Amino acid sequence: MRRHFSKTVRGFKPAALWCAVLLFVSSILAPISGHALPEENYFSYVYNEWGDAVSAPAGYSPSGVWYGEDMGTRGLKSPRDLFVEYGAEELYIVDSGNNRVVVVDAAFQFLREYTGFAGQGGMETLNNPGGIFVTQAGVMYICDTGNKRVLVCNTEGELLQNLGLPVSELIDENLDYQPEKVVVDSAGRIYVQAVGVFHGLICMDPMGEFIQFFGANRVEMTAAMMVEYLWKQILSREQRSRMASFIPIEYSNIYVDSDDYVYATSVHSSSSQGEIKKLNALGVNVLHIDQFTQFTYPKDDYGDHPVAVIDTKQVDSMFADVVVDDQNLITALDAKRGRIFQYDSESNLITVFGGIGHQIGTFQSPSAIEALGDRIMVLDAKKNTVTVFEITEFGKLLHQATNLYNDGYYLEAMEPWNQVLSRCANYNLAYIGLGKANLRLENYTEAMENFRLGYDKKGYSDALSELFVDFGRANLV
Amino acid sequence: MKTAVQVMSHPIQAMEDVKYEGSGSITLALGILILFFATSIIQRQWTGFPFNGERPDKIHLGIILMSTVGLYMLWVISNIAVSSFMGGEGKGEDVMIASAYSLQPYILLTLAAVVLSNVMTLETGVFLSFVQIAAVGWSVVAMTVSLMTVHQFTFKRTLANLLATLISMLVIAFLGSLIFSLFQQLYVFCYTIFNEIIFRM
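Keep in mind the model is a prediction, meaning the values are calculated, not measured.

Observations regarding the overall build of chain A
Reasoning step 1: When its secondary structure is counted, chain A shows ten helices and 29 strands.
Reasoning step 2: Here chain A holds 477 residues, and 52% of them are scored as buried.
Reasoning step 3: Nonlocal contacts in chain A, meaning residues at least 24 apart in sequence, comprise 48% of its contacts between residues at least 6 apart.
Reasoning step 4: Accessible surface computed for chain A: about 22,300 Å², of which carbon and sulfur atoms make up 54%.

Next comes the structure, spelled out in structure tokens:
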């Protein structure tokens, strides 16, 4: 009923009013009850079925900001990548401006740093390194962007391999090779994302031999492109060759999960769709996009809706990094607006937090994101800090509910979903979850109401037909 | 009243009655028009959830009024203008009555579709779109035949007449928007002058 008021009839102004009242009341009560209300310096929201941002409690709250000096080392300078080694709970920070890699522990206490590695030909120093990956065996893969190579070293600082531009007839020898990010799967295959390589990720075997280009984006069809294509049908070969060619977009970052799926983000996509991809071993995107709801925006439109066009320039979320936790929650970092979008494995938006600003929990130029347990860490290349976010009570509820729901435990998920709704009436997924549980419990009228609020037409229709079957059995047969 | 109902099944007979015996009623035509407007609102707000893609909180009566009553008026004016040009025999009053009466099948079937949509599942939704197509089709046929009778045209000439009506509707709409934007600019101009004078006084 509350949702009916806040969503359907009068927009979300009454909801905002209620939030204000609640906030006021809780600010009075907070000192009495003993725990302070978490306050965030950003607006938290989710999207409703119409693509409107509706307010929601924050799923994460900033708990600390770490400068290099706080960690017990020099200040960071334009750091570009973060990596968490889960086994040892060590955090690797690629301090690009200082040409080093800093390693700190889970409490952000300085452990060691690497500025160069001892190889056979002497010391190999880093030059503007862009990315790092550390295997469970403790082998570091560092994208030494400025030196056009990927260094493979052990944690003692010894160089094991020096991987330059791989040799293959598919790769142009004169390519200005700038490897930026690297991941290694459990079989030892190395995936490198390099600047200007739009054929996909460079996939190499453990010895550094080129295997293939992996998971290339496709060229997206746009209106301007159709016109160009028509022209190309008419023009001669020489004229054609002087026109711009259509090339697919590059990836901006990669992540490999424990099942060897490679997650890749794209900075820009003209259709604003498919900015996050989950690539299987064949390089095919398998991120589940279930179109059962009839929302006004496509489900694979990650980041903010709608896409604004300002001065003929498209302003959209630009994903810079992605991290996937063991529950398959996808957390992606939007460098454009400094927001962090968290999705479940079915591409349902769970929570949005962060922003651009000067306060705690906001960024100037966020460059990388990592997760350690329930904490999320964001690296800022301009503030030269690592910001740590802790999950809130509400975020925990959301995680619990979505995990149960996605595993098919609809009945068990009812309790957390109800708690989610009692704190925020704007969660479509919560209503759909309750609807599916009620459908299983054969409470068809309640299920219909849930599905209506969650804007799930298919679910509503299914519940209705079950209702008819019941009616028929009771009265006709 | 009887004539109005007769339009749905025997449009030629009904329209001859309207034309030669004066059994048509402008009041009834207006009533049907209001019903047409109401049907549009009902369809938008009360179509069953699985088949309704509208935002119930973003209803704009002005737009619905323009797309029902406004469209009807545009149609009638265009038709009267075009028909008198093409040598049609119908009076303006007859055209108004014929057009309004012909909306009845659309109104009835649309209301039926709204009721049905509340008890239908997505799988049976094909039937609903069939009802909606029938609603539009029936009204178009009734409209064509009644206007043919009113103007005493041949069938071919009626089709040409309807086409010309549609084109003239577009022209009127275009000129209307042109005049609207012109007057808006005039308004902005006067407003700016007014502000300038006020600020300098």
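Now that the structure is up, let's keep going.
Describing the confidence of the model for chain A
Reasoning step 1: Residues of chain A with pLDDT of at least 70 account for 90%, and the chain-wide mean is 86.
Reasoning step 2: Here residues 27-37 of chain A scores under 50 on pLDDT; set against residues more than four positions off or in separate chains, the count is four contacts.

Points about the pairing of strand S7 (residues 110-114) of chain A
All names here are of chain A.
Reasoning step 1: As paired strands, strand S6 (residues 100-105) and S7 are joined by four bridges and run antiparallel to one another. Following the sheet pairing, valine 101 is matched in S7 by tyrosine 114.
Reasoning step 2: Counting the residues in the hairpin turn of S6 and S7 gives four residues, including phenylalanine 108, whose phi is positive at 60 degrees.

Describing the sheet that holds strand S14 (residues 179-184) of chain A
Residues and elements named next belong to chain A.
Reasoning step 1: The four strands are arranged S14-S15-S16-S17 in an open sheet whose pairing can be described as antiparallel. If you trace the sheet from one side to the other, it starts and ends with S14 and strand S17 (210-214), each paired once. Strand after strand, the sheet turns through a mean of 25 degrees between neighbouring axes, direction not considered.
Reasoning step 2: The pairing of strand S16 (residues 201-204) with S17 spans four bridges and is classified as antiparallel. Considered in S17, the bridge of leucine 201 is made with phenylalanine 214.

Things to note about empty space enclosed by the protein
Residue and element names in this part refer to chain A.
Reasoning step 1: The tally for this structure, following the rule as stated, stands at five cavities of 30 Å³ or more.
Reasoning step 2: Approximately 300 Å³ is the volume attributed to the largest cavity.
Reasoning step 3: Of all the elements in the fold, those that place two or more residues in the lining of the largest cavity are strand S1 (45-47) and helix H8 (428-440).
Reasoning step 4: When residues of the lining of the largest cavity are assigned to their parent elements, the largest contribution, three residues, is made by H8.
Reasoning step 5: Counted by class, the lining of the largest cavity contains twelve nonpolar, seven polar and two charged residues.
Reasoning step 6: Estimates place the volume of the second largest cavity at around 100 Å³.
Reasoning step 7: Surrounding the second largest cavity, 15 residues form its lining, Asp81, Ile132, Asn253, Ile254 and Glu370 being those nearest its centre.
Reasoning step 8: At the level of secondary structure, the elements contributing two or more residues to the lining of the second largest cavity comprise strand S4 (81-85), strand S10 (131-134), S14, strand S18 (251-256), strand S23 (319-324) and strand S27 (366-372).
Reasoning step 9: Tallied by class, residues from the lining of the second largest cavity come to ten nonpolar, one polar and four charged.

Quick word on unusual backbone geometry
Residues and elements named next belong to chain A.
Reasoning step 1: Positive phi, normally seen in glycine, also occurs at asparagine 99, with a value near 50 degrees.
Reasoning step 2: For asparagine 99, the position within the fold is in the loop between strand S5 (90-95) and S6.
Reasoning step 3: Phi angles above zero are rare outside glycine, and asparagine 128 is one such case at about 50 degrees.
Reasoning step 4: With respect to the helices and strands, the residue asparagine 128 is situated in the loop between strand S9 (122-125) and S10.
Reasoning step 5: Here asparagine 128 falls in the partly exposed class, since its relative accessible area comes to 32%.

Concerning the interface of chain B and chain A
Reasoning step 1: Contact residues are listed per partner, giving 15 residues for chain B and 18 residues for chain A.
Reasoning step 2: The contact between chain B and chain A buries some 1,300 Å² in all, and 63% of this surface belongs to carbon and sulfur atoms.
Reasoning step 3: Ranking the residues of chain B by area buried against chain A places Phe49(B), Arg55(B) and Asp57(B) at the top, with a combined share of 45%.
Reasoning step 4: For the pair chain B and chain A, the number of links is one salt bridge.
Reasoning step 5: Where Arg55(B) meets Asp52(A), a salt bridge forms, and the shortest distance between an N and an O atom there is 2.8 Å.
Reasoning step 6: Remark: the boundary between chain B and chain A carries three residue pairs in polar contact (both at pLDDT 80 or more).
Reasoning step 7: Taken together, the residues of the side of chain B that touches chain A sort by class into six nonpolar, four polar and five charged.

Scoring rules and cut-offs
Residues numbered from 1 in each chain as written. Chains lettered and ligands numbered in written order. Predicted model: local features only at pLDDT ≥ 70, side-chain atom pairs only at ≥ 80, totals over all residues. Heavy atoms only, no water. Helix = DSSP H or I, 4+ residues; strand = E, 2+ residues; numbered from the N terminus. Buried < 20%, exposed > 50% of the residue type's maximum accessible area, 1.4 Å probe, protein only. Contact = heavy atoms within 4.5 Å. Areas by Shrake-Rupley, 256 points an atom, 1.4 Å probe, with all protein chains shown as cover. pLDDT = per-residue confidence, 0-100. Pairing = 2+ DSSP bridges. Axes fitted to C-alpha atoms, helices over the stretch in contact; angles between N-to-C directions. 1 Å grid on protein atoms, 1.4 Å probe; cavity = no way out; pocket = protein on both sides within 12 Å on 5 of 7 lines; lining within 4 Å. Points joined across faces, edges and corners; volume = space filled by probe spheres on them. Nonpolar A, V, L, I, M, F, W, Y, C, P; charged D, E, K, R; others polar. Buried area = accessible area lost by both parts, 1.4 Å probe. Salt bridge = Lys/Arg side-chain N within 4 Å of Asp/Glu carboxyl O. Polar contact = N/O pair within 3.5 Å; in protein donor to acceptor, adjacent residues only side chain to side chain.

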